[in-house]
Amino acid sequence: MIMNKQTQPPPKQPQYELTRRSFIKSSSAAAALTAASWNRVVGANERVGIGAIGFGLIGRIHTRNFKAQPDAQVVAVSDAFRPRMDAAAELVGGQVARHRDFRKLLEDKNVDAVVVATPDHWHALMTMMACAAGKDVYVEKPLTLFVREGRWMADVARRHKRVVQVGTQQRSGPHYQRARELVRAGRIGKLVSVQVNYFRNVSPGFGDPPDQAPPPELDYDLWLGPAPQRPYNPNRAIYHFRWFWDYSGGQMTNLGQHSLDVVHWITGVKGANAVTSAGGRYFLEDNGEVPDTQDAMIEYPGFRATCQ
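Draft legend 1. Quick peek at the overall build of the protein chain. Helices and strands together make up the secondary structure of the protein chain, namely 11 helices and 10 strands. For the protein chain, long-range pairs separated by at least 24 residues make up 64% of all intrachain contacts whose partners lie at least 6 apart in sequence. A total accessible area of about 16,800 Å² is found for the protein chain, and carbon and sulfur atoms account for 53% of it.

Draft legend 2. View of the sheet that holds strand E10 (residues 303-307). Pairing in this open sheet of 4 strands is mixed, and the strands run E7-E10-E9-E8 from one edge to the other. At either margin of the open sheet sits one strand with a lone partner, and together these are strand E7 (193-196) and strand E8 (274-280). Strand-to-strand twist of the sheet, defined as the mean angle between neighbouring strand axes without regard to direction, takes the value 10 degrees. Bridge count for E7 against E10 is 4 bridges, and the pairing is parallel. The residue bridging glutamine 195 from the neighbouring strand is threonine 306, located in E10. Of the strands in this sheet, E7, strand E9 (293-300) and E10 are in contact with helix H11 (residues 255-267), which crosses E9 at around 15 degrees.

Draft legend 3. Quick look at the environment of arginine 60. Tracing the backbone through its elements, the reader meets arginine 60 in helix H4 (residues 57-67). Judged by relative accessible area, which is 38%, arginine 60 ranks as partly exposed. In this structure the C-alpha to C-alpha distance between arginine 60 and alanine 87, which are 27 residues apart in sequence, comes to 9.0 Å. Once residues within four sequence positions are removed from consideration, arginine 60 is found in contact with Phe55, Ala87 and Leu91.

Draft legend 4. Here's a closer look at the layout of surface pockets. In this structure, the second largest pocket encloses a volume near 440 Å³. Along its surface, the second largest pocket is lined by 14 residues, and Pro142, Thr144, Leu145, Phe146 and Val147 are the ones closest to its centre. At 3 residues, helix H8 (residues 147-159) tops the list of elements feeding residues into the lining of the second largest pocket. Taken together, the residues of the lining of the second largest pocket break down into 7 nonpolar, 6 polar and 1 charged.

Draft legend 5. Quick peek at the packing of helix H9 (residues 174-184) against H11. Here H9 crosses H11 at 45 degrees, and the two axes come no closer than 9 Å. One element, H9, and the other, H11, form an angle in the oblique class. Considering only the axes of H9 and H11, their crossing is right-handed. Across the interface between the two elements, Tyr176, Gln177, Arg180, Val183 and Arg184 from H9 touch Val262, Trp265, Ile266 and Thr267 from H11. Of the residues that constitute the contact of H9 with H11, the class distribution is 5 nonpolar, 2 polar and 2 charged.

Draft legend 6. Fine view of unusual backbone geometry. Backbone torsion omega between lysine 141 and proline 142 reads -10 degrees, so that peptide bond is classified as cis. Secondary-structure assignment places proline 142 in the loop between strand E5 (136-140) and H8. For lysine 161, which is not glycine, the phi dihedral falls at a positive 55 degrees. Its location among the elements puts lysine 161 in the loop between H8 and strand E6 (164-167). Classification of lysine 161 as exposed rests on a relative accessible area of 61%. One non-glycine residue with positive phi stands out, namely isoleucine 238, at about 50 degrees. Relative to the helices and strands, isoleucine 238 resides in the loop between helix H10 (220-224) and H11.

Draft legend 7. Quick peek at the pairing of E10. Burial of the side chains of E10 is restricted to one face: Phe303, Ala305 and Cys307 are buried, whereas none of Arg304 and Thr306 on the reverse face is. Looking at chain direction, E9 and E10 are connected through 5 bridges and run antiparallel. Bridging across to E10, isoleucine 298 finds its partner in alanine 305. In sequence, E9 turns back onto E10 through a hairpin of 2 residues, with glycine 302 there showing a positive phi of about 90 degrees.

Rules used throughout
- Residues numbered from 1 in each chain as written.
- Predicted model: local features only at pLDDT ≥ 70, side-chain atom pairs only at ≥ 80, totals over all residues.
- Heavy atoms only, no water.
- Helix = DSSP H or I, 4+ residues; strand = E, 2+ residues; numbered from the N terminus.
- Contact = heavy atoms within 4.5 Å.
- Areas by Shrake-Rupley, 256 points an atom, 1.4 Å probe, with all protein chains shown as cover.
- Pairing = 2+ DSSP bridges.
- Axes fitted to C-alpha atoms, helices over the stretch in contact; angles between N-to-C directions.
- Buried < 20%, exposed > 50% of the residue type's maximum accessible area, 1.4 Å probe, protein only.
- 1 Å grid on protein atoms, 1.4 Å probe; cavity = no way out; pocket = protein on both sides within 12 Å on 5 of 7 lines; lining within 4 Å.
- Points joined across faces, edges and corners; volume = space filled by probe spheres on them.
- Nonpolar A, V, L, I, M, F, W, Y, C, P; charged D, E, K, R; others polar.
- Parallel < 35°, antiparallel > 145°, perpendicular 65-115°, else oblique.
- Left-handed = near helix turned anticlockwise from the far one by under 90°.

This is the structure in structure tokens:
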């Protein structure tokens, strides 16, 4: 479930010492766990304790999926919006800990690994704090808001010897894997051009509600976290955060991230030589900021990609 290809196999231990605790404290041990060996692990005390941070659209999916895994147990949930935290606890059932402040979840000794499914602006800092707390991390895409955050995250993960995986789920799809095999085998000939398209505008927009006091169920200061201090607006919080520069890059860093990750994965490129992009908020009528229409031309070594 948690893999790190760069780690070395763990030292041999007597059989009576092969417990979840002895495994989870070493990322190299986590890498050595095969499906067969996990099937021999029994009992709640031998499962990886999962802490779920964020219970929105994707966080709900991750929490449900981890709950279904025999080798994992969701032991704690956290969300700055109380109704979502309560919904997460109800989904998990049993004696699951509730931490409105995720920092309390990171202090929880029963939590071995965390799932970060928060708004984008929290991904980098929350991942680094989790690594520093001794937790392995599955963090949703996009990994960062700006490039330098990624270097900080990699450095912190290595310093604390943590396993960190980013949620680019399309790589797990069998049809994507088959497409990658075909392209790499030259079945479509020489690749010189890639076209990426996605469409998710919600017409006519989300309106322009006035700034107001946040609802009592939401810890708005905690929700903002590392983002600039702004007056609360219904369109800034919960799902609509994606339409504001403080928290996200819009659909380019949402759906575009998925598609461009597949481009990198299939072709093996490390990055682009140049990027040209133009767009704006031309169609939607609301107080959002990020483009609702955007075209990007990306020059890679040997081929080009257009992303719309």
